[in-house]
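Commentary on secondary and tertiary structure
In case you want the letters, here they are:
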Amino acid sequence: MDFPLIDLMDEHACYNRLVELLHPDGLACPRCGAADRLGIHRRHREPVIDYQCGRCGRVFNAFTGTPLQGLRRPPAQLLLILRGIADAAPTAQLARELGCDRKHLLG
C-alpha cells in the first residue's frame, strides 16, 4: 500500500483516504446497509462526520464497525499509524513520531 506523505498534510484529504480504504464500495449504514439515504447528523469532529441513516435511523461514522472504531486520533495520525504498520515500522518509532507513549499508540 502506498501512503504519499504529501497527502498527510491535510486532515480532510486524510479522512477521505481513510474512508476509501475502509469502504471501497462506498459508505453504507452498518445496520441496514443503506447507502442512498445517509444524512449528516453532526459535524462536531470535523472532518469526521456523523451520519444518520434515513432508512433505520442509525447514527454512525466512517469508523463504526471497523478496527478504527473508538480511536480518538485525527485522521492524519491514523493514516500515519497505518502507514507505519504497512512499512513494518517499530511501535516505538511510531510513538515518537506521534509524540505519545507506545502503550497508548492505538488508544
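The paragraphs below set out a description of the structure included in this document. Worth saying up front: this structure is predicted, and the values here are computed from it rather than measured.

1. Some words on the overall build of the protein chain
- A tally of helices and strands in the protein chain yields 3 helices and 3 strands.
- Each helix (α) and strand (β) of the protein chain, taken in turn from the N terminus, gives the series α-β-β-β-α-α.
- With the C-alpha coordinates of the protein chain rotated into their principal frame, the extents come out at 45 × 25 × 20 Å.
- A separation threshold of at least 6 residues defines the contact pool for the protein chain, and within that pool the share at least 24 residues apart is 47%.
- A total accessible area of about 6700 Å² is found for the protein chain, and carbon and sulfur atoms account for 50% of it.
- For the protein chain, the centre of its 14 positive side-chain charges and the centre of its 12 negative side-chain charges are spaced 10 Å apart.

2. Notes on the packing of aromatic side chains
- Tallying each qualifying case throughout the model produces 2 aromatic pairs.
- Ring centres of Y15 and F63 lie 6.3 Å apart, and the angle between their planes is 80°; this geometry places the pair in the edge-to-face category. Here Y15, found in helix α1 (residues 11–22), pairs with F63, found in the loop between β3 (59–60) and α2 (75–86); they are 48 residues apart in sequence, far enough to count as distant. In this structure, Y15 and F63 share a single accessibility class: buried.

3. Concerning the nonpolar core
- Counting residues in each nonpolar core, the largest one holds 19 residues, and the members touching the most others are Y15 and F63.
- The set of elements that each furnish at least two residues to this core consists of α1, β2 (48–53) and α2.
- Among all residues touching Y15, those that are not within four sequence positions of it are P47, V48, I49, Y51, A62, F63 and P75.

4. Here's the deal with the environment of A76
- One can find A76 in helix α2.
- Note: C-alpha distance between A76 and C14 (62 residues apart in sequence) is 5.3 Å.

5. Some thoughts on the pattern of salt bridges
- Applying the stated criterion across every chain yields a total of 5 salt bridges.
- A salt bridge links D36 to R55; the shortest N-O distance between them is 3.9 Å. Here the residue D36 occupies a position in the loop between α1 and β1 (38–45), and R55 occupies one in the loop between β2 and β3, the gap between them amounting to 19 residues.
- E46 is paired through a salt bridge with R43; the nearest N and O atoms lie 3.3 Å apart.
- For E46, a relative accessible area of 40% gives the class partly exposed.
- Among the residues examined, R43 registers a relative accessible area of 46% and is labelled partly exposed.
- Beyond isolated ion pairs, a larger network of salt bridges with shared partners links R42, R45 and D50.

Thresholds applied
Along each chain, the written sequence defines residue order, and numbers are assigned to residues from 1. Per-residue local features of the predicted model are confined to residues with pLDDT of at least 70, and side-chain atom pairs are confined, for both listing and counting, to 80 or more; whole-chain, interface and lining totals are unaffected and use all residues. For side-chain calculations, the full set of non-hydrogen atoms in the structure is used, while hydrogens and water are omitted. By definition, any uninterrupted DSSP run of H or I lasting at least four residues is a helix, any uninterrupted run of E lasting at least two residues is a strand, and each is numbered from the N terminus. By definition in these notes, contact holds between two residues if any of their heavy atoms fall within 4.5 Å. In this description, accessible areas are obtained by the Shrake-Rupley approach with a 1.4 Å probe, and a residue is regarded as covered only by the protein chains that are shown. Asp and Glu are treated as the negative residues and Lys and Arg as the positive ones, with His and the ends of the chain left uncounted. Taken as the charge centre is NZ of Lys, CZ of Arg, CG of Asp or CD of Glu, depending on the residue. For Phe, Tyr and Trp, rings pair up if their centres lie within 6.5 Å, where Trp contributes its six-membered ring, and each pair is then called stacked (planes under 30 degrees apart), edge-to-face (over 60) or tilted (otherwise). Exposure is judged per residue with a 1.4 Å probe applied to protein chains only, and the accessible area is read against the type maximum: over 50% gives exposed, under 20% gives buried, and values in between give partly exposed. For the purposes of this section, nonpolar cores are sets of buried Ala, Val, Leu, Ile, Met, Phe, Trp, Tyr and Cys residues that join through side-chain atoms within 4.5 Å. By definition here, a salt bridge exists when the distance from a side-chain nitrogen of Lys or Arg to a carboxyl oxygen of Asp or Glu is within 4 Å.

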